[in-house]
Amino acid sequence: MKKIKVGIVGAGFVSHIHIAAYRENREYFEVLGVCAAHRESAERLARQYGIGKVFDNYEQLAGCEQIDVVDVCVPTNVHDDVILTACKYKKHIICEKPLTGYFGEDVPELERVGDVSKEHMYKKLLEKLEKIEEAVTSSGVKFMYAENFVYAPAVTKAKRLIAASNAPILELRAEESHSGSHAAYSRRWRTAGGGSLLRMGSHPIGAVIHMKHFEGRLRYGKPIRVKSVFAETASLTKLDSVKRFGKASMVTDWFDVEDWSCAVLTFEDGSKAIVISNDVSLGGVKNLLQVNTASGMIYCNMTPNNMMLAYTPNPETWKDEYITEKIETKAGWTFPSPDEDWVRGYPQEMRDFAMCLLENKPPESDFELAKETVKAIYAAYLSAEKGVRIDL
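Residues numbered from 1 in each chain as written. Predicted model: local features only at pLDDT ≥ 70, side-chain atom pairs only at ≥ 80, totals over all residues. Heavy atoms only, no water.

Details of the pairing of strand 7 (residues 169-177)
Looking along a regular strand, one sees side chains alternate from face to face of the sheet.
At step 1: Judged by how many residues are buried, strand 7 sits mostly within the fold: seven of nine residues are covered.
At step 2: Inspection of the sheet shows strand 7 paired to strand 11 (residues 286-293) by eight bridges, in the antiparallel sense. When the sheet's bridge partners are listed, Glu176 is paired in strand 11 with Asn287.
At step 3: Examined bridge by bridge, strand 7 and strand 10 (residues 272-278) share seven bridges and lie parallel to one another. Within strand 10, the position partnered with Glu175 by the bridge is Ile276. (Buried < 20%, exposed > 50% of the residue type's maximum accessible area, 1.4 Å probe, protein only. Helix = DSSP H or I, 4+ residues; strand = E, 2+ residues; numbered from the N terminus. Pairing = 2+ DSSP bridges.)

Listed below in structure tokens is the structure:
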């Protein structure tokens with residue numbers, strides 16, 4: 001069987017996760033090449049994983065005749081250009097979350113892009129979405145949105161339970177939180193496109209939207225979409241009490257992005273979702289989804305979960321052995337993850353994308369989910385600024 005030839009754009013954290021997922025599906029994929037903003041980073045990644053080609057830039061990578069699909073693993077502010085370039089060369093696209101955002105392109109002299117009116121941001125975002133959708137549609141390429149929550153085994157099982165019960169979803173609750181990103185680009189709106197609400201909230205917001213899309217297709221033959229959003233955001237690590245406290249245990253050097261958010265989504269059928277995402281939560285990453293239906297309740301604890309428990313009084317006991325993402329110490333009780341990528345759905349995600357390309361079927365996580373997720377997030381930013389509900 002001819003393998004799908006992948007070109008990865010970016011050599012940061014998520015590129016390693018995607019490469020591991022491709023290796024889990026090696027019968028379908030071959031990572032042919034890589035490029036990055038700094039060539040030495042791409043060369044280092046290529047050496048580490050035995051990748052044959054290092055390209056100078058994403059234009060060169062997308063233009064390579066051997067490449068079938070471009071995997072977008074760069075910071076969010078570069079997504080638009082890479083996606084449009086892939087469309088230009090008619091290459092299929094795997095895009096890491098979020099799809100896009102506002103980065104102050106029209107105010108290059110402004111240092112604090114986060115201070116720009118959220119109404120202006122929302123308007124510019126809608127223009128971007130229209131441009132990207134036109135490029136994807138006219139090029140005829142497949143767009144696969146790398147939202148791993150959709151493929152997490154717990155979420156997959158939850159959908160089977162919902163289908164079996166045929167009970168309507170009344171409320172969803174979801175969260176991704178931890179103690180702060182390690183990536184320098186996350187500190188500024190100009191490179192990240194937002195704070196915790198966009199960077200982490202993309203996962204839980206994408207998950208609740210996906211669940212309602214799934215329910216709608218089962219019940220009505222079409223997705224149930226987001227009708228309106230109400231939200232609050234905050235910069236809790238900038239509070240005077242935190243500054244007086246001294247050295248906090250979480251990241252505090254945010255420049256112009258928020259570190260806490262809560263959004264309430266109302267769907268077309270009147271059901272609700274509550275989504276929390278913040279950078280002030282210690283003890284590792286929380287990836288959670290709760291589904292309340294008319295006949296049952298489902299908890300999806302992707303991370304942490306109690307598949308394993310370990311205890312040690314000494315943080316050096318487990319040496320370099322991996323425990324779980326973003327944990328501050330290995331001392332005390334911990335939740336070691338035997339296969340964190342599998343629990344979070346990364347190998348399953350790439351298998352679905354392989355079937356999408358090989359069998360010419362739509363992906364489970366598609367452009368519509370990517371678009372509606374980022375649209376809801378920027379509506380939430382506008383709601384938080386104005387203190388009112390925003391209709392989509």
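Now that the structure has been shown, we can carry on.
Considerations on unusual backbone geometry
At step 1: Note that the residue after Lys97, namely Pro98, is joined by a cis bond; omega there is -20°.
At step 2: Position of Pro98 relative to the elements: it lies in the loop between strand 5 (92-96) and helix 5 (118-139).
At step 3: With an omega of -10°, the peptide bond between Thr303 and Pro304 qualifies as cis.
At step 4: Note on placement: Pro304 falls in the loop between strand 12 (297-303) and strand 13 (310-312).
At step 5: Notably, Asn166 is not glycine yet its phi reads approximately 60°, a positive angle.
At step 6: Note on placement: Asn166 falls in the loop between helix 6 (153-165) and strand 7.
At step 7: One non-glycine residue, Lys319, adopts positive backbone phi at about 50°.
At step 8: Here Lys319 is to be found in the loop between strand 13 and strand 14 (332-334).

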